[in-house]
Amino acid sequence: MRHLLQAVFNAPISSEVCHQIRACGFDGVRIDAQQITTAAAMRALLDPVLAADLWPLVVVQDGRACAWLPAGTAIELRNEPDLEGPSPDLYRHLLLGMQEVATAFRLELWGGAVSNLNDRGFRYLRAIADALPPRVTVHRYPPDPWRPSAGHDGRTRQQEVDTLRSIIGDREWGVSEFGYHTARICRGWWIFRTCHQLTDAQAAQSIRGEFAWWQAQGAAFATLYQLNDGPTATALDRYGIRTVEGDWKLQAETVG
């Protein structure tokens, strides 16, 4: 199984950082290139990644970017369409057209990319099942970061994977996002208010367990979200394996 890191969001990162990611033990990076509009901009994203011997998984908006990618590049059509759109019917048509484009440009197409292994994600996958390519991606985040073994919507984690397999059949599949943030989360009110917050060490332990889980389940790759923390203390800004200042955290030591 490949160990990937979500590291690029429509702007290049330095060759030095790419080599540091490789030194951490990651095999590849996921590159969100949905806003890229020129061949030169795409090369600026790819060149440092390829120079560090990292396998790129490139998220594209549609087929226009395919001509700018080297033959053999792995591409993923859109990100979390069950949350961000389009409708299942439109995504089906996009997938069918993209399969022809990917074949023409000799690219490796991955489709699906639903946001989680929950009822919403499974409904979307079922609706597009007949149009899925031979390779499928999903995302998976825990209901709460301090409950890594908990499943969604009454399922165990094993039942989540079993449900996924029942939908996609014998297709190859990978996890193109998972992660554990270290933001403080409080729920309830007054004396019923409870708060939870993972330490970096706890998050790192859960990340190690996640990589091991997906490898045991037969995933082709699993992708840790993400490279950098953001500027706030909110959950979305606390998934990074580096601080805002660029210092590496314990979460960077989870692949080995």
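Up top you'll find the structure we're talking about.
Everything quoted here is computed from the prediction, not taken from an experiment.

Student: Please clarify how the state of the cysteines should be interpreted in this entry.
Tutor: Going through the model one piece at a time under the given rule, you end up with 1 disulfide. Residue C186 pairs covalently with C195 via a disulfide, S to S 2.0 Å. Measuring handedness by torsion sign, the sulfur bridge of C186 and C195 sits at about 110 degrees and is right-handed. Classification of C195 by relative accessible area gives partly exposed; the value is 29%. Of all cysteine sulfurs in the structure, the one in C24 sits closest to C18, which takes part in no disulfide; the separation is 12 Å. Here C18 falls in the buried class, since its relative accessible area comes to 0%.

Student: Hey, could you run me through the sheet that holds strand β10 (residues 221-225) in this one?
Tutor: In a beta sheet, neighbouring strands pair by backbone hydrogen bonds and run either parallel or antiparallel. Taking strand neighbours around the barrel as the criterion, the 8 strands line up as β1-β2-β3-β4-β5-β6-β7-β10 in a closed arrangement whose pairing is parallel. Strand-to-strand twist in this sheet, taken as the mean axis angle between neighbours without regard to direction, amounts to 30 degrees.

Student: Sorry if this is basic, but what is going on with the packing of aromatic side chains here?
Tutor: Aromatic rings in a pair are described by how distant their centres are and how their planes are angled relative to each other. A complete count under the given rule lists 12 aromatic pairs for this structure. With 5.0 Å between their ring centres and 70 degrees between their planes, W110 and F221 make a pair best called edge-to-face. Separated by 111 residues along the polypeptide, W110 in strand β5 (residues 108-114) and F221 in strand β10 bring together distant segments of the chain. Residues W189 and W190 carry aromatic rings whose centres are separated by 5.9 Å and whose planes lie at 40 degrees to one another, so their mutual orientation is tilted.

Student: Just to check I follow, could you spell out the layout of surface pockets for this structure?
Tutor: In this approach the atoms are scanned with a rolling probe the size of a water molecule, which exposes any empty space left behind. Approximately 270 Å³ is the volume attributed to the largest pocket. In terms of lining residues, the largest pocket is bounded by 18 residues, among which E80, L83, Y141, E177 and L236 are the most central. Mapped by element, the contributors of at least two residues to the lining of the largest pocket are β1 (2-9), β2 (28-32) and α3 (81-84). Split by residue class, the lining of the largest pocket holds 6 nonpolar, 6 polar and 6 charged.

Student: Please explain the nonpolar core as it appears in this structure.
Tutor: General note: in soluble globular proteins, nonpolar side chains tend to be found buried as a group. In this structure, I21, I31, V58, I75, W173, F178 and W214 are the most contacted members of the largest nonpolar core, which totals 62 residues. Apart from residues no more than four positions distant in its own chain, W214 is found in contact with M1, L117, R140, R157, V161, W173, V175, F178, A219 and A222.

Student: Even after reading the chapter, I still don't get the pattern of salt bridges, so can you show me in this structure?
Tutor: Opposite charge on two side chains allows them to pair when their charged atoms are near. Throughout the structure, instances matching the rule amount to 17 salt bridges. The closest approach of N and O atoms between R22 and D53, which form a salt bridge, is 3.9 Å. Taken together, the residues span a long stretch of sequence, with R22 in helix α1 (residues 15-23) and D53 in the loop between α2 (39-51) and β3 (55-60) at a distance of 31 residues. For R22, a relative accessible area of 30% translates into the label partly exposed.

Student: Please clarify how the packing of helix α4 (residues 88-104) against helix α5 (residues 119-128) should be interpreted in this entry.
Tutor: Packed helix pairs are characterised by how far apart their axes lie and by the angle those axes make with each other. Running from N to C, α4 and α5 cross one another at 50 degrees; their axes reach a closest spacing of 9 Å. In this view, α4 runs oblique relative to α5, as classed from their interaxial angle. Along this stretch, α4 crosses α5, giving a crossing that reads as right-handed. Taking contact as the criterion, the partners of P88, Y91, R92 and L95 in α4 are, on α5, Y124, A127 and I128. Partitioning the contact of α4 with α5 into residue classes produces 6 nonpolar, no polar and 1 charged.

Student: Hey, could you run me through α5 in this one?
Tutor: Residue pairs three or four apart in sequence face the same way in an α-helix, which turns once every 3.6 residues. Within α5, the full set of buried residues consists of G121, F122, Y124, L125 and I128. Down the axis of α5, the smallest arc covering the buried residues is 160 degrees, so these residues share one side. Against the buried residues of α5 lie α3, α4, β5, β6 (135-139) and α6 (157-168).

Student: Would you mind going over α6 with me for this structure?
Tutor: Taking 1.5 Å of rise per residue, 12 residues should cover 16 Å, and α6 covers 17 Å from first to last C-alpha, within 8% of that figure. Among the residues of α6, those classed as buried are R157, E160, V161, T163, L164, I167 and I168. Within α6, the buried residues cover an arc of 160 degrees as seen down the axis, which keeps them to one side. Phi for G169, located one or two positions after α6, is positive at around 65 degrees.

Student: What exactly am I supposed to notice about the packing of α6 against helix α7 (residues 200-217) here?
Tutor: Packing of α6 against α7 brings their axes to within 12 Å, and their N-to-C directions diverge by 45 degrees. What the angle tells us is that α6 and α7 run oblique. Of the two possible hands of crossing, α6 and α7 adopt the one that is right-handed. Residue-level inspection shows R157, Q158, V161 and R165 of α6 in contact with α7, the latter providing E210, W213, W214 and Q217.

Conventions adopted
- Residues numbered from 1 in each chain as written.
- Predicted model: local features only at pLDDT ≥ 70, side-chain atom pairs only at ≥ 80, totals over all residues.
- Heavy atoms only, no water.
- Disulfide = S-S within 2.5 Å.
- Buried < 20%, exposed > 50% of the residue type's maximum accessible area, 1.4 Å probe, protein only.
- Pairing = 2+ DSSP bridges.
- Helix = DSSP H or I, 4+ residues; strand = E, 2+ residues; numbered from the N terminus.
- Axes fitted to C-alpha atoms, helices over the stretch in contact; angles between N-to-C directions.
- Phe/Tyr/Trp six-rings, centres within 6.5 Å; stacked < 30°, edge-to-face > 60°.
- 1 Å grid on protein atoms, 1.4 Å probe; cavity = no way out; pocket = protein on both sides within 12 Å on 5 of 7 lines; lining within 4 Å.
- Points joined across faces, edges and corners; volume = space filled by probe spheres on them.
- Nonpolar A, V, L, I, M, F, W, Y, C, P; charged D, E, K, R; others polar.
- Core = buried A, V, L, I, M, F, W, Y, C linked by side-chain atoms within 4.5 Å.
- Contact = heavy atoms within 4.5 Å.
- Salt bridge = Lys/Arg side-chain N within 4 Å of Asp/Glu carboxyl O.
- Parallel < 35°, antiparallel > 145°, perpendicular 65-115°, else oblique.
- Left-handed = near helix turned anticlockwise from the far one by under 90°.
- Arc of directions from axis to C-beta.
- Expected span 1.5 Å × (residues − 1).

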